[in-house]
Amino acid sequence: EDLTPPALQPGVVLCLFCIFLWFLYACNDIRMTCLSLEAVSGIPRGRHSVFKKDALEVISRLRFLAFVISRLLHMGFSCYLLQLGSVWLAGTTSIQDLILNAVALGAIIEIDQMIF
C-alpha cells in the first residue's frame, strides 16, 4: 500500500537537500575568495602601497603576501568546514535539529562578513 521506497522518506530527502544547499553555500564562499585573489593579483606591486581617489593603484609586496596568506587560510577553513558540516548534517537524526544545524552552518560562513 505504501509506494514510497524506504530510502526516500521525507527526512532523508530533507537531509540530502540541506547537504546540497550547504555544498552550494560553501562553494560560493570559496568562489568569492578565489575572485578576491584574482582581483588583487591584477594590481601592480611595488615597495609601497599607493592609494589615489579611494583606489589602490600599487600594492606593497608585504601587503600582497599578507592578503594572499589570509585568503588561502580562509579558503582552507571553508573547505574544512564544507567537509565537517556535511558530516554533521548527515549525522543529524531529527528534522528540527537538521534545520537548526543548517542555519547555524550558514551563520558560521557569514560571520566574517558580519564582522568586517
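One can find the structure itself at the top, above this paragraph.
Residues numbered from 1 in each chain as written. Predicted model: local features only at pLDDT ≥ 70, side-chain atom pairs only at ≥ 80, totals over all residues. Heavy atoms only, no water.

Give a description of the environment of Leu37 that names residues and reports values.
You can see Leu37 is positioned in helix α1 (residues 10–41). Remark: the alpha-carbon pair of Leu37 and Arg71, spanning 34 residues in sequence, is separated by 7.1 Å. Aside from chain neighbours lying at most four places away, what touches Leu37 is Phe67, Val68, Arg71, Leu72 and Met75. (Helix = DSSP H or I, 4+ residues; strand = E, 2+ residues; numbered from the N terminus. Contact = heavy atoms within 4.5 Å.)

Summarise the nonpolar core; cite the residues concerned and give the values.
Of all hydrophobic cores here, the largest spans 10 residues; its members are Cys15, Cys18, Trp22, Ala26, Leu81, Leu82, Leu89, Leu98, Leu105 and Ile109. Elements that contribute at least two residues to this core include exactly α1, α2 (61–90) and α3 (95–115). Among the elements that make up this core, the one with the highest residue count is α1 (4 residues). With residues up to four places along the chain from it excluded, the contact list for Leu82 reads Trp22, Phe23 and Ala26. (Core = buried A, V, L, I, M, F, W, Y, C linked by side-chain atoms within 4.5 Å. Buried < 20%, exposed > 50% of the residue type's maximum accessible area, 1.4 Å probe, protein only.)

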